[in-house]
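Listed below, chain by chain, are the residues.
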Amino acid sequence: MDNQSKILVIDDEPIARITIEALLSPENYKLYFAENGVEGVALAIEIMPDIILLDVMMPGINGFEVCRQIRLIPNLAEVPIILITSLDDRESRMTGLKAGADDFITKPFDIFELLVRIQNMTRLNRYRLLMEKRQEAERLNNDLIIAYDKTIEGWSRAIDLRDKKTEGHTQRATEMTIKFACAVGLDKETQVHIKRGALLHDVGKLGIPDSILLKADTLNAEEWEIMHQHPIYAYNWLYPIEYLRPAIDIPFCHHEKWDGSGYPRGLKGNEIPLAARLFAIVDVWDALISDRPYRKAMLPNQIWHYILEQSGRHFDPEIVEHFTSTFAKVSETSK
Ligand SMILES: [Fe+2]
C-alpha cells in the first residue's frame, strides 16, 4: 500500500481549492482536485481516494447528490467523505448524513481542525482497508482449505475403488476416528490432520501392483514384503506436501502394533504416534463389522472380545479402555 494517503477535493470555488492545497501540501498527502460533481465522481472512480473533501454548494449536481452517487459505487461505498459547508444549520447536516457523509467541516477553515479530522479519517480508512484485505485473505484461505479437503476426499474414493474395499469403509472409519479423537480430548486442529490422515491411510497402496493388492489367495512372503511397503510409499508421497505433513502419522504408522510386531518400522508402545494408535483400533473395528469375501461380519460381542484380547498386543491398552467407554453404548444400541 502506498504510504501517501490520497485526498480528493471536490469544490467549484478556486479560492477554496487553493486554500486547501496550501494547508495540506506540507503534509504527506497526495492531493487531487475536481471543479464540479461530475468530474469529482469520475476522478474518485479513477484514483480510489482515501478521503474525499466535498463542497456542498456547487452548480450542477450539489455535494449531497455527489455523495449519494459515490455511495452507490461498490469500491467507494465506504470511503470517508467530509462535507465542506458554510451552511452550519442542523437541516443541511441531516441531509448530508442521509446522503452518506461521515463528517462536516465549516468554511472558513480552522487549520488545526481540518488537519486533525483528515488525519483521523485517513487513519480509520487505512485500518478499514487493512481489515478488508485481511478478511479477503481469510476467505481465500478458507476456499483453498475446502478445495484441499475435496481433493483428499476424491483421492480417498479413488484408493477405495482400486483396493475394492468394503463400501464406505474409509468414510466410516474416518468419521469414527474423528469422534474418538474428540472423545479423548484432542483439539480441533489435530482432528483436522487426523481426518486427512484417516482418509488417506491407504494411499500407499496405489504403489502396490494389482497382482498383489487384488490377489484372492494368501500372499507369499515376497508379496507380503511388497505389501508392507505401502506405508513407506505413503510417507514418501505425503511428506513433500506441506499441508499434509502433519497428517502423515496415520498413513505411515497405521500398521504398527503396540507390542512392536507391526510394520513398517516395528515401533513399540508410545513410539507409535497417538493418531495411528487411535486409527488402528477403529480400522480393525470397522473391518470386523463388515462382511468380507472370505468371512462374514463378526457380531459386536465377538468384536469386543477380539479387541480386548488384542489390548497390549495390537492395541494400546489405554486406548482400548477409551474406545470401550466411548463406543460400547453405541454398539449396545445397534445390536
Ligand atoms: Fe494399510
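In case you missed it, the structure is sitting above this.
S.K.: Mind showing me how you'd approach the sheet that holds strand β1 (residues 5-10) here?
M.R.: Two modes of strand pairing occur in sheets, parallel and antiparallel, and in both the strands are linked by backbone hydrogen bonds. Spatially, β2-β1-β3-β4-β5 is the arrangement adopted by the five strands of the open sheet, whose pairing is parallel. Both outer strands of the open sheet, β2 (29-34) and β5 (103-106), are each paired with one neighbouring strand and no more. This sheet shows a mean twist of 20° between the axes of neighbouring strands, independent of strand direction. Pairing geometry for strand β3 (residues 51-55) and strand β4 (residues 81-85), over four bridges, is parallel. Bridging from a neighbouring strand, Asp55 pairs with Ile84 of β4.

S.K.: Just checking my understanding: could you explain unusual backbone geometry for this structure?
M.R.: Among all residues except glycine, the phi angle is most often negative; among peptide bonds, the trans geometry is most common. The linkage connecting Tyr263 with the following residue, Pro264, adopts the cis geometry, with an omega of 10°. Here Pro264 lies in the loop between α11 (249-253) and α12 (274-288). Even without glycine at this site, Met48 takes up a positive phi of about 50°. Relative to the helices and strands, Met48 resides in the loop between α2 (37-47) and β3.

S.K.: Mind showing me how you'd approach α12 here?
M.R.: Taking 1.5 Å of rise per residue, 15 residues should cover 21 Å, and α12 covers 22 Å from first to last C-alpha, within 8% of that figure. Of all the 15 residues making up α12, 11 are buried; the element is thus mostly covered by neighbouring parts of the structure. When α12 is considered as a whole, its buried residues turn out to be Ala275, Ala276, Arg277, Leu278, Phe279, Ala280, Ile281, Val282, Asp283, Trp285 and Asp286.

Calculation notes
- Residues numbered from 1 in each chain as written.
- Predicted model: local features only at pLDDT ≥ 70, side-chain atom pairs only at ≥ 80, totals over all residues.
- Pairing = 2+ DSSP bridges.
- Helix = DSSP H or I, 4+ residues; strand = E, 2+ residues; numbered from the N terminus.
- Axes fitted to C-alpha atoms, helices over the stretch in contact; angles between N-to-C directions.
- Expected span 1.5 Å × (residues − 1).
- Buried ≥ 20, exposed ≤ 12 C-beta atoms within 10 Å, placed from the backbone.

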